[in-house]
Amino acid sequence: MCGIVAALSHHDVVPFLIEGLRRLEYRGYDSAGLATLTGQHLQRFRAVGRVKELEEASAGHAAPLGIAHTRWATHGAVTQDNAHPHRSERDGRSVCVVHNGIIENHAELREALRERGYVFASQTDTEVVAHLVHEARGRTASLAEAVRMARAQLRGAYALGIVCSDDPRTLVVARQAAPLMLGLTAHQQSVFVASDASALVSQTQTLVYLEDGDQAVITQVSESSPVVVRIEDMQGAALVRESTTTSLTHDDVDLGPYAHYMQKEMAEQPGAVAATLETVVGAGSLAPGLFGSEAEGLFPQVQRVLILACGTSYHSGLVARYWLEDIAGLPTSVEIASEYRYRKSVAEPGTLVITISQSGETADTLAALEHAKAQGQQLTLSICNVPESSLIRASRLRFLTRAGPEIGVASTKAFTTQLAALYLLTLVLAKVRGVLSPGAEAEAIQSLRHLPAALASVLTAEPEFQAWAAEFVEKEHALFLGRGIHSPIAMEGALKLKEISYIHAEAYAAGELKHGPLALVDANMPIVAVAPNDQLAEKLRSNLEEVRARGGVLYVVADQGAGIEPSDGVRVIELGDHAGALSPILHVVPLQMLAYHVALARGHDVDKPRNLAKSVTVE
Ligand code: M6R
């Protein structure tokens with residue numbers, strides 16, 4: 001959560017800072033700020049609200065060096081005083097700091113700094129960093145050394161960008177358990193910094209990823225000299241970090257012809273799933289190597305599966321449980337990462353611990369993985385969409401979904417690509433266990449080949465879901481129903497709706513209705529039902545009858561042949577034929593489209609719902 005950009009250049013960096021923040025705004029969007037250093041003149045601009053407010057506040061300003069931040073509040077309310085950059089100013093020296101992450105020992109540091117005469121202007125944890133660097137800079141001649149001295153006192157996670165009025169043409173950045181990368185340009189005219197590559201690709205694709213503990217000192221001897229970078233460890237010794245060329249392009253993060261990123265990302269699902277499956281559908285047979293070089297040796301040891309994730313990624317785990325148990329015969333449990341990390345559980349040998357995350361930076365998922373490892377779980381696999389993420393580095397085995405950047409806070413293409421990956425995993429494990437015949441393997445690969453086209457066909461029904469959305473605009477509550485492998489799809493539909501439309505939505509396995517939730521049903525309660533034409537179709541039909549008998553209006557997303565006819569109080573949109581095991585991947589798309597159009601009709605900012613941020617990097 002929160003986003004950082006910074007730069008030192010021969011040119012004015014303010015347009016880059018503003019554009020970079022705009023790219024990162026999805027990570028936090030309650031306030032934004034920037035600080036620039038021209039010679040020894042440090043200037044700060046901050047605004048509550050979106051980046052466009054900051055753009056207006058800093059209009060006409062130009063500078064060769066700057067740091068900038070977009071915030072998702074953790075410590076302290078959404079106010080201008082709490083917006084970054086935070087400043088420490090005293091004895092003619094001014095230090096400004098931007099920070100992602102959390103300083104865990106900020107309370108004790110704050111107390112000690114107060115005793116030493118520092119006055120606090122905000123409630124944030126970050127302000128202690130500004131004062132610590134300011135204090136240390138009074139005791140050493142170098143900003144880099146001052147930052148190291150300050151960092152030695154910090155506990156927690158941080159990506160930092162720091163400038164000081166005593167140090168013209170100097171920018172110091174540091175990383176500890178929060179992503180930070182440098183963007184390099186030809187001829188060393190500029191060095192850019194960001195917490196996410198999407199903010200850099202408008203300038204360069206040559207990136208250097210900092211590692212935990214690293215500090216980068218970016219300097220220029222004079223205005224016309226090259227901008228140089230020195231990467232150092234905590235003792236100040238130089239480190240070598242290789243540069244890589246990212247495949248991410250400006251177009252990947254551009255909105256293009258779409259009105260919202262969520263709309264773009266829903267539409268990208270056929271291509272994202274095709275990219276995720278590319279190597280498999282071409283090959284015609286499945287191999288453990290898809291999940292990492294060690295998989296061939298490790299998969300035969302797997303006797304059960306434990307899946308850990310949050311939010312939408314947790315829902316993909318719930319779907320996968322049905323596949324893993326049914327197709328691969330592996331006992332599977334799925335846990336919310338934020339609960340598992342604090343639970344005393346019994347570690348069983350032979351457990352494949354799977355963590356699933358779009359971002360790979362979700363604090364609870366990372367902590368859950370560490371908790372599992374600390375309990376002796378050796379077999380770890382991450383399914384993730386971001387190649388350079390912390391999660392990918394923390395597991396022995398990995399599978400990268402190839403959804404491309406997901407920027408809308410509501411997860412869409414990440415979910416369908418995770419499901420595609422989990423289905424592949426199921427097939428590979430089933431094969432390793434000798435329970436997938438060559439015929440079944442060939443048939444499964446054939447159905448995967450068809451999946452992108454099937455997704456594209458579901459997307460064409462968008463106008464029908466848009467029409468349904470108009471009937472939800474005035475509602476305050478909604479129920480989502482599904483059965484079997486589609487009950488997690490109902491949960492995902494309810495999450496999508498509540499997250500962006502702010503309508504209270506709950507999901508139930510349809511058979512559970514008469515054990516309580518049926519009491520909620522009346523003419524004001526819309527009920528969205530996921531109705532595949534599978535072995536539970538008849539049972540679901542009875543559940544829906546019970547709802548209809550209580551006056552509830554039904555919105556049914558049905559496969560052809562599911563036997564649910566439209567009638568008074570029963571709206572039905574038909575998809576294609578039942579897609580077998582892959583059916584959940586198709587049935588979630590209508591629920592995404594419904595949530596999108598309801599949120600739009602209610603006038604909400606679909607990509608940046610209130611109180612949320614894309615990547616939850618704090619507990
Ligand atoms: O990046 P992750 O997949 O680990 O994120 C997990 C959840 O925070 C995320 O899926 C969240 O629930 C989405 N905003 C839901 O649309």
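Since the structure is predicted, the reported quantities are computational estimates derived from the model, not experimental observations. (Residues numbered from 1 in each chain as written. Predicted model: local features only at pLDDT ≥ 70, side-chain atom pairs only at ≥ 80, totals over all residues. Heavy atoms only, no water.)

A. Region of interest: the overall build of the protein chain. Helices and strands together make up the secondary structure of the protein chain, namely 18 helices and 24 strands. In terms of overall dimensions, the protein chain is globule-like: its C-alpha atoms have a radius of gyration of 26 Å, near the 25 Å expected for 619 residues. Over its C-alpha atoms, taken along the principal directions, the protein chain stretches across nearly 80 × 55 × 45 Å. Split into buried and exposed, the 619 residues of the protein chain put 58% on the buried side. (Helix = DSSP H or I, 4+ residues; strand = E, 2+ residues; numbered from the N terminus. Rg over C-alpha atoms; globule rule 2.2 N^0.38 Å. Buried < 20%, exposed > 50% of the residue type's maximum accessible area, 1.4 Å probe, protein only.)

B. Representation of the packing of helix H15 (residues 462-470) against helix H18 (residues 583-601) within the structure. Two elements in contact, H15 and H18, have axes separated by 8 Å at closest approach and are oriented at 50°. Considered as vectors, H15 and H18 are oriented oblique to each other. As H15 packs across H18, the resulting crossing turns out to be right-handed. Where H15 approaches H18, its residues Glu 462, Phe 465, Gln 466, Trp 468 and Ala 469 are matched on the opposing element by Pro 590, Met 593, Leu 594, Tyr 596, His 597 and Val 598. (Axes fitted to C-alpha atoms, helices over the stretch in contact; angles between N-to-C directions. Parallel < 35°, antiparallel > 145°, perpendicular 65-115°, else oblique. Left-handed = near helix turned anticlockwise from the far one by under 90°. Contact = heavy atoms within 4.5 Å.)

C. Representation of the site of the ligand. Contacts to the ligand come from 15 residues, most closely from Ser 313, Ser 357, Gln 358, Thr 362 and Glu 499. Within the backbone of Val 409, a nitrogen or oxygen atom sits 2.9 Å from a nitrogen atom of the ligand. Calculation on the ligand without its partners gives an accessible area of 410 Å², and the protein chains cover 91% of this total. Looking at side-chain class alone, the shell around the ligand contains 5 nonpolar, 8 polar and 2 charged residues. (Near = heavy atom within 4 Å. Polar contact = N/O pair within 3.5 Å; in protein donor to acceptor, adjacent residues only side chain to side chain. Areas by Shrake-Rupley, 256 points an atom, 1.4 Å probe, with all protein chains shown as cover. Nonpolar A, V, L, I, M, F, W, Y, C, P; charged D, E, K, R; others polar.)

D. Representation of the sheet that holds strand E8 (residues 170-176) within the structure. Read from one edge to the other, the open sheet built from 6 strands follows the order E5-E6-E7-E8-E12-E13, with strand pairing classed as antiparallel. Each of the sheet's edge strands pairs with one partner strand only, and the pair in question is strand E5 (86-90) and strand E13 (228-232). Each strand of the sheet is rotated relative to its neighbour by a mean of 15°, with strand direction disregarded. Examined bridge by bridge, strand E12 (residues 215-219) and E13 share 5 bridges and lie antiparallel to one another. Residue pairing in the sheet places Ile 218 in a bridge with Val 229 of E13. On top of the sheet, helix H5 (residues 143-151) reaches strand E7 (156-164), E8, E12 and E13; it is set at about 25° to E8, its chief contact. (Pairing = 2+ DSSP bridges.)

E. Expanded view of the pattern of salt bridges. Applying the stated criterion to the full structure yields 32 salt bridges. A salt bridge links Glu 53 to Lys 52; the shortest N-O distance between them is 3.4 Å. You can call Glu 53 partly exposed: its relative accessible area is 30%. One salt bridge in this structure joins Asp 212 and Arg 175, with 2.7 Å as the shortest N-O distance. Highlighted residues: Asp 212 in the loop between strand E11 (206-209) and E12 and Arg 175 in strand E8, separated in sequence by 37 residues. With a relative accessible area of 43%, Asp 212 lands in the partly exposed category. Shared partners join several salt bridges into a network, and the residues in it are Glu 19, Arg 22, Arg 23, Glu 55 and Asp 254. (Salt bridge = Lys/Arg side-chain N within 4 Å of Asp/Glu carboxyl O.)

F. Structural detail: the pairing of strand E4 (residues 65-71). By the criterion of burial, E4 is predominantly enclosed, with 7 of the 7 residues buried. Burial along E4 is two-sided: the face carrying Leu 65, Ile 67, His 69 and Arg 71 and the face carrying Gly 66, Ala 68 and Thr 70 are both buried. For strand E1 (residues 3-9) and E4, the ladder comprises 6 bridges, and the chain directions are antiparallel. Residue pairing for E4: Gly 3 is matched across the bridge by Thr 70. In this structure, strand E2 (residues 31-38) lies alongside E4, joined through 6 bridges in antiparallel fashion. Residue pairing for E4: Ser 31 is matched across the bridge by Arg 71.

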